Amino acid sequence: DTAVSQTPKYLVTQMGNDKSIKCEQNLGHDTMYWYKQDSKKFLKIMFSYNNKELIINETVPNRFSPKSPDKAHLNLHINSLELGDSAVYFCASSQDGAGELFFGEGSRLTVL
Amino acid sequence: GENVEQHPSTLSVQEGDSAVIKCTYSDSASNYFPWYKQELGKGPQLIIDIRSNVGEKKDQRIAVTLNKTAKHFSLHITETQPEDSAVYFCAAMGQDSNYQLIWGAGTKLIIKP
């Protein structure tokens, strides 16, 4: 019973392609997030989203877009992939946007 | 805005010894300071946190101390074991960061047998 699950775990694709990563949480949390972790392990928040508000990190290119069909899901769509998009992407959730974050196991994206 | 600095970037200790990781933050209004552990191939996981109304918190072999005046907080791991090997992240949250976690750069902890 994984609390936060994301798919796929690995994704290898060519530059210019469009891809999506899916995330689901079964914790009943109100807030979900997408993080990018680069090769140096630095964690960078990309988006936080609850049923009221989407907060976008201003440094995230508009090629990245989160889509939430319902409270338990927050998918990440990436258009026109670039080499620099290669990273591990983590989905996370929290109750009320404060306190403990619960992370998924990550999706490693490799752009060739 | 808030800025969190974490040191060292890599720490190697002998099994059984203690490990200390330090973080400093810039926003005096920050009031929540968690520590996360990330094992290889996994997502980060909360191991301990502290709020600004206390100076120290302990949970078995791990402890966190907070010095609000100096704006720094530290993670202490005693009697280190091989399974403590991981990357550790500190973070800070407060009103000025719009209640978003601001993360340190991470510390790779290596426990030598």
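For the structure itself, look to the data block above.
About the cut-offs
Residues numbered from 1 in each chain as written. Chains lettered and ligands numbered in written order. Predicted model: local features only at pLDDT ≥ 70, side-chain atom pairs only at ≥ 80, totals over all residues. Heavy atoms only, no water. Disulfide = S-S within 2.5 Å. Helix = DSSP H or I, 4+ residues; strand = E, 2+ residues; numbered from the N terminus. Buried < 20%, exposed > 50% of the residue type's maximum accessible area, 1.4 Å probe, protein only. Pairing = 2+ DSSP bridges. Axes fitted to C-alpha atoms, helices over the stretch in contact; angles between N-to-C directions.

## Here's the deal with the state of the cysteines
- In the structure shown here, the tally under the stated rule is 2 disulfides over all chains.
- Bridging A:Cys23 to A:Cys91, the disulfide has an S-S length of 1.8 Å. With the S-S dihedral at roughly -75°, the linkage between A:Cys23 and A:Cys91 falls on the left-handed side. Remark: A:Cys91 occurs in strand E9 (residues 87–94) and A:Cys23 occurs in strand E3 (residues 19–25); sequence separation between them is 68 residues. Here A:Cys23 matches A:Cys91 in class, with each residue buried.
- Here B:Cys23 is linked by a disulfide to B:Cys90, with a sulfur-sulfur distance of 1.9 Å. Since a negative S-S torsion denotes a left-handed disulfide, the B:Cys23-B:Cys90 link at about -100° is left-handed. Taken together, the residues span a long stretch of sequence, with B:Cys23 in strand E3 (residues 19–25) and B:Cys90 in strand E9 (residues 86–94) at a distance of 67 residues.
- We classify B:Cys23 as buried; its relative accessible area is 1%.

## Structural notes on the sheet that holds strand E1 (residues 4–7) of chain B
All names here are of chain B.
- Across the sheet, 5 strands lie side by side as E1-E3-E8-E7-E6; this open sheet has antiparallel pairing. The open sheet has two edge strands with one neighbour each: E1 and strand E6 (56–59). Pairwise comparison of adjacent strand axes, ignoring direction, gives a mean angle of 15° for this sheet.
- Bridge count for E3 against strand E8 (residues 72–77) is 6 bridges, and the pairing is antiparallel. In the strand pairing of E8, Ala19 is matched with Ile77.

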